[in-house]
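# Structural overview for review
Residue-level listing of the chains:
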Amino acid sequence: MLRFLSTLGALLLLAAAAQAGEIGFRRIVIDADGPRPLNVSLWYPTRDTTPSGPVGENRVFVGVPAVTDAAPDHGSHPLVVLSHGYGGSWRNLNWLAGELAGEGYAVAAPDHPGTTTFDRDPTRAATLWERPRDLSRTIDAVLRDPALAGEIDPGRIAAIGHSLGGWTVAALAGARFDPLLFARDCEDHPSPRTCGLSDELGLTDPAIGRDMRDPRIKAFVTLDLGLARGFTTESLASVKLPALVFGAGVDIGDLPAALESGWLAGHLPPETARLVMIPDAMHFSFMQLCKPGAAALIEAEDPGDGIVCRDGGRRDRAAIHGEIAGTIIRFLTQSLPPR
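What counts as what
Residues numbered from 1 in each chain as written. Predicted model: local features only at pLDDT ≥ 70, side-chain atom pairs only at ≥ 80, totals over all residues. Heavy atoms only, no water. Pairing = 2+ DSSP bridges. Helix = DSSP H or I, 4+ residues; strand = E, 2+ residues; numbered from the N terminus. Axes fitted to C-alpha atoms, helices over the stretch in contact; angles between N-to-C directions. Contact = heavy atoms within 4.5 Å. Core = buried A, V, L, I, M, F, W, Y, C linked by side-chain atoms within 4.5 Å. Buried < 20%, exposed > 50% of the residue type's maximum accessible area, 1.4 Å probe, protein only. Salt bridge = Lys/Arg side-chain N within 4 Å of Asp/Glu carboxyl O. Polar contact = N/O pair within 3.5 Å; in protein donor to acceptor, adjacent residues only side chain to side chain. Disulfide = S-S within 2.5 Å.

The strand order across the open sheet formed by ten strands is β3-β4-β1-β2-β6-β5-β7-β8-β9-β10, and the pairing between neighbours is mixed. Unpaired on one side and paired on the other, β3 (53-55) and β10 (273-278) mark the two borders of the sheet. Direction aside, neighbouring strands of the sheet carry axes that sit 30 degrees apart on average. Across five bridges, the pairing between strand β2 (residues 38-46) and strand β6 (residues 106-111) is antiparallel. What sits directly across from Ser41, in β6, is Ala109. Taken strand by strand, helix α4 (residues 130-144) contacts β1 (22-30), β2, β5 (76-83), β6 and β7 (151-162), and its axis lies near 155 degrees from that of β5. Against the sheet, helix α6 (residues 164-173) makes contact with β5, β7 and β8 (219-223), and its axis sits at roughly 135 degrees relative to β7, the strand it touches most.

This is how it looks when you write it as structure tokens:
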């Protein structure tokens, strides 16, 4: 029965998206000639009736139907910016972007230089504080040019991030990172998956302690984030924005959600933060759907990486996505009401 209800929920979300109209998609480059050019993907409502095709699809991952380079729909839209995990890309939350665009949101996702699939530059990776700024620059560009994703309501902007992207949106909301605090925590909770990233991500650089808050963000969502315990409790207590914190119930090894998502939610104001633990989700359950046989294809090329297609229970990933998307859409509807 539970599996039936989960599947039904996913189908209802898809039906709602279909009723809301088509989804437009385009990719742009921000500051192409600058020191940190940003490749940004955009999803948005459109009334273009051109046949849609899958975007973000390859031989491993399932894409999302969209009309490429369609004209945005008229009217003002709320905006959601997405942040991918370490070594990921815009494709990882492509599924969620499609759900949100189907509900009337404009969605923008930059590939963070240095920490994306397409740019693993160690120098850029070691400037982690640039990640929140990537999202701010993306907001700037979309607000500046309505032709990109439609007119944006500047009072209805939210941020969602997975893994390191969850850290990114928490910093964007006002959380402050303390390198010394993180170092002390690594002595108490030595974790190769997080503490081992200190040099790669510049976690000992004093620059990471700067204020990265963007006041235009009105709500944020983290999806099984990491590095949470480097945030100061004082800064988290001062974050008054609505926050939805997801944790994966199945530990992939040395990354327990209770010490990351649970810790973050426990130090955000209880009146504005909500923790949602998904018992049968693994860390990678928040990523896009895998095609049949995808895990074997990935293992053949990169042994050990087939785990990105694994989930932790009887439900398939589509059902888990249905729960996540439904919860996020309800949260954003409450947190970003029409003005």
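Still more ground to cover, so stick around.
Right, let's talk about the nonpolar core for a bit. Within soluble globular proteins, side chains that are nonpolar tend to cluster in buried spots. Core analysis: the biggest nonpolar cluster contains 56 residues, and Leu79, Trp167, Phe231 and Leu268 have the highest contact counts within it. Beyond its immediate stretch of four places on either side in the chain, Phe231 contacts Trp167, Ala170, Ala171, Ala175, Arg176, Phe177, Leu181, Leu236, Trp263 and Leu264. If you look at the next biggest cluster of nonpolar residues, it comprises 38 residues, including Ala66, Ala219, Val276 and Ile320.

Moving on, we get to unusual backbone geometry. Here the phi dihedral of Asp31 falls at roughly 55 degrees; this positive angle occurs in a residue that is not glycine. Take Asp31: it is sitting in the loop between β1 and β2. Phi angles above zero are rare outside glycine, and Asp224 is one such case at about 50 degrees. Topologically, Asp224 is positioned in the loop between β8 and α9 (233-237).

Among the secondary structure elements, Gly88 is positioned in the loop between β5 and α2 (94-102). Between the C-alpha atoms of Gly88 and Gly196, which are 108 residues apart in sequence, the distance is 18 Å. Not counting the four nearest positions on each side in its chain, Gly88 is found in contact with Thr115, Thr116 and Thr117.

A separate point is the pattern of salt bridges. Oppositely charged side chains can pair when the atoms bearing their charge come close. Tallied over the full model, the rule gives 18 salt bridges. Among the salt bridges present, the one from Asp119 reaches Arg124, with a minimum N-O distance of 3.1 Å. A salt bridge links Arg137 to Asp134; the nearest nitrogen and oxygen atoms lie 3.6 Å apart. Highlighted residues: Arg137 and Asp134, both in helix α4, separated by three residues, approximately one helical turn. You'll find Arg137 and Asp134 in the same group, each marked buried. Taken together, the shared-partner salt bridges in this structure form one network comprising Asp31, Arg36, Asp134 and Arg137.

Our next topic: the side chain of Arg317. Among the secondary structure elements, Arg317 is positioned in helix α12 (residues 317-335). Judged by its relative accessible area of 5%, Arg317 is buried. At a separation of 3.1 Å, a polar atom in the side chain of Arg317 contacts the main-chain carbonyl oxygen of Phe284. Setting aside anything within four residues of it in sequence, one finds Arg317 in contact with Phe284, Ser285, Met287, Gln288, Leu289, Cys290, Val308, Cys309, Arg310 and Asp311.

Moving on, we get to the environment of Ala295. Positionally, Ala295 belongs in helix α11 (residues 294-301). We classify Ala295 as partly exposed; its relative accessible area is 29%. Taking C-alpha positions, Ala295 is 5.7 Å from Cys309, a pair spaced 14 residues apart along the chain. Contacts of Ala295, omitting those with residues within four sequence positions, involve Gly306 and Cys309.

Moving on, we come to the state of the cysteines. For the structure on display, the rule yields two disulfides. Shown here is the disulfide that connects Cys186 with Cys195, its sulfur atoms set 2.1 Å apart. Taking the sign of the torsion about the S-S bond as the criterion, the disulfide between Cys186 and Cys195, at about -100 degrees, is left-handed. For the pair Cys186 and Cys195, one class covers both residues: buried. Between the sulfur atoms of Cys290 and its disulfide mate Cys309 the distance is 2.2 Å. Every disulfide takes its handedness from the sign of the S-S torsion; for Cys290 and Cys309 that torsion is -90 degrees, giving left-handed. Remark: Cys309 occurs in the loop between α11 and α12 and Cys290 occurs in the loop between β10 and α11; sequence separation between them is 19 residues. Sequence-ordered numbering of the disulfide-bonded cysteines in the chain gives the connectivity 1-2, 3-4.

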